[in-house]
Amino acid sequence: MFFLVLFGARASFGASETHQYVGAVKCGSCHEAEYQAWLSGPHAKAHESLSAEQLNDAKCNTCHTLLPFNSDKRFQGVQCEQCHGAGKVYHKDYVMRDKELARAVGLIVPKAAHCQGCHTADSPNIKPFDFDELWLRITHGPKHKKEDKSAHIKP
Ligand code: HEC
Ligand code: HEC
Ligand code: HEC
Ligand code: HEC
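> What exactly am I supposed to notice about the site of ligand 4 here?
Among the 18 residues in the neighbourhood of ligand 4, the closest are listed as His 43, Ser 49, Cys 115, Cys 118 and His 119. Within the contact set of ligand 4, a nitrogen atom lies 2.8 Å away from a side-chain nitrogen or oxygen of His 43. Here a nitrogen atom of ligand 4 and a side-chain polar atom of His 119 are 2.8 Å apart. For the shell around ligand 4, the elements supplying multiple residues, two or more each, are helix 6 (58-64), helix 10 (112-115) and helix 11 (131-138). The dominant element in the shell around ligand 4, judged by the number of residues it contributes, is helix 11, at four residues. When the residues that make up the shell around ligand 4 are grouped by side-chain class, the tally is ten nonpolar, seven polar and one charged.

Right, dumping it as structure tokens:
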């Protein structure tokens, strides 16, 4: 599966990889509402569930943080770019305004299946993955109003 290949198999974090990311604060400089929703949700704090040792262990850090602790603190937690793709190229204003161009250079608008790259059967939750329920708790973006359930994206 796409995300397992992308994240699950990642064993180390090289400098070149760091340079593909801009970090959530940068995204938030234009997407203030999305940034605030993220900041108050579970993903921004996902690295806090791991000990310092676990943060540098590929068995844990692939799903809990964009980059491990000893690298730049701007890249902590499950970040925008773990769902929307590394933003180095697409985060520029003129690219973002061109939906096709943005996608061509890496922007991902994720579907339910993307969540399950990390929310696997092994993750510590007794309940099976329920997209509608989980998405409501992290919902963001202009098309999605918290009170409007009909605005849910399709799996
Ligand atoms: C310089 C300002 C700016 C920055 C920085 C920025 N964006 Fe955007 N973004 C925009 C604009 C403008 C749009 C287009 C909005 C529209 O069409 O209504 C957009 C659109 C989007 C969309 C919707 C795309 C679509 O085609 O449906 C997503 C998702 C997104 N941005 C995510 C991100 C992420 C993640 C980051 C950080 C890596 C980021 N943006 C950084 C300005 C920015
Ligand atoms: C395949 C992705 C993945 C990997 C690898 C992973 N986790 Fe998690 N972890 C998750 C997800 C997803 C959740 C949230 C589950 C939920 O509440 O639905 C989670 C939640 C947790 C929590 C919070 C549990 C709670 O009850 O709130 C802890 C602690 C945790 N993980 C520790 C670890 C440790 C330690 C490792 C390494 C041995 C690890 N994780 C590896 C995906 C992962
Ligand atoms: C856990 C995965 C995840 C994270 C983390 C995440 N997003 Fe999203 N984002 C989504 C999903 C799923 C959608 C809904 C896509 C759709 O409407 O089809 C979305 C929608 C959006 C949209 C609206 C797209 C549109 O066309 O309406 C923007 C803008 C956006 N996200 C920006 C961000 C920013 C900025 C961050 C970080 C501060 C962020 N996202 C973090 C998964 C994520
Ligand atoms: C890169 C890995 C990753 C991806 C992709 C991801 N998540 Fe998560 N998610 C996590 C981790 C790790 C946690 C646990 C945070 C913690 O340590 O408490 C979590 C926790 C959550 C929680 C809180 C669950 C609880 O029981 O407290 C919700 C809700 C959630 N995720 C929704 C989603 C949705 C919806 C998507 C897809 C749009 C998604 N996630 C994609 C890694 C991920």
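> Honestly, the site of ligand 3 in this entry has me stumped. Any pointers?
Around ligand 3 lies a shell of 20 residues, among which Cys 80, Cys 83, His 84, His 140 and His 144 are the nearest. Within the side chain of His 84, a nitrogen or oxygen atom sits 2.8 Å from a nitrogen atom of ligand 3. Contacts to ligand 3 include His 140, whose side-chain N or O atom sits 2.8 Å from a nitrogen atom. Those elements that provide at least two residues to the shell around ligand 3 are helix 4 (32-39), helix 7 (80-84) and helix 11. Partitioning the shell around ligand 3 into residue classes produces eleven nonpolar, seven polar and two charged.

> Would you explain the coordination of the iron atom of ligand 4 in this entry?
In an ideal tetrahedron of four donors about a metal, each angle is 109.5 degrees. In an ideal octahedron of six donors, the angles are 90 or 180 degrees. Taken together, His 43 (NE2) and His 119 (NE2) make up the full set of protein donors to the iron atom of ligand 4, lying 2.0 Å away. The site at the iron atom of ligand 4 holds six donor atoms, and with the angles between them running 86 to 180 degrees, its shape is octahedral. Of the two residues, His 43 sits in the loop between helix 4 and helix 5 (52-55) while His 119 sits in the loop between helix 10 and helix 11, which places them 76 residues apart along the sequence.

Reading guide: rules and limits
Sequence order as written defines the numbering, with residues in each chain counted from 1. Just so you know, chain letters begin at A and ligand numbers begin at 1, following the order they were written in. pLDDT decides what is reported in this predicted model: residues at 70 or higher carry local features, side-chain atom pairs at 80 or more are listed and counted, and totals for whole chains, interfaces and linings draw on all residues regardless. Excluded from the side-chain calculations are hydrogens and water; all other atoms, namely the structure's heavy atoms, are used. Near residues are defined by distance, with any heavy atom within 4 Å of the molecule or strand qualifying the residue. In protein, a polar contact requires one atom able to donate a hydrogen and another able to accept it; more generally it is a pair of N or O atoms within 3.5 Å, and residues adjacent in sequence count only if both atoms are side-chain atoms. Working definition: helices are DSSP H or I runs of at least four residues, strands are E runs of at least two. Numbering for both runs from the N terminus. Polar here means any residue other than Ala, Val, Leu, Ile, Met, Phe, Trp, Tyr, Cys and Pro, which are nonpolar, and Asp, Glu, Lys and Arg, which are charged; Gly is therefore polar. Each metal's donors are the N, O and S atoms within 2.8 Å of it, or within 3.2 Å when it is Na, K or Ca, and because water is not part of the set, sites may look incomplete. Between 85 and 135 degrees for all angles marks four donors as tetrahedral; over 155 degrees for opposite donors together with 65 to 115 for all other angles marks four donors as square planar and six as octahedral; every other arrangement is irregular.

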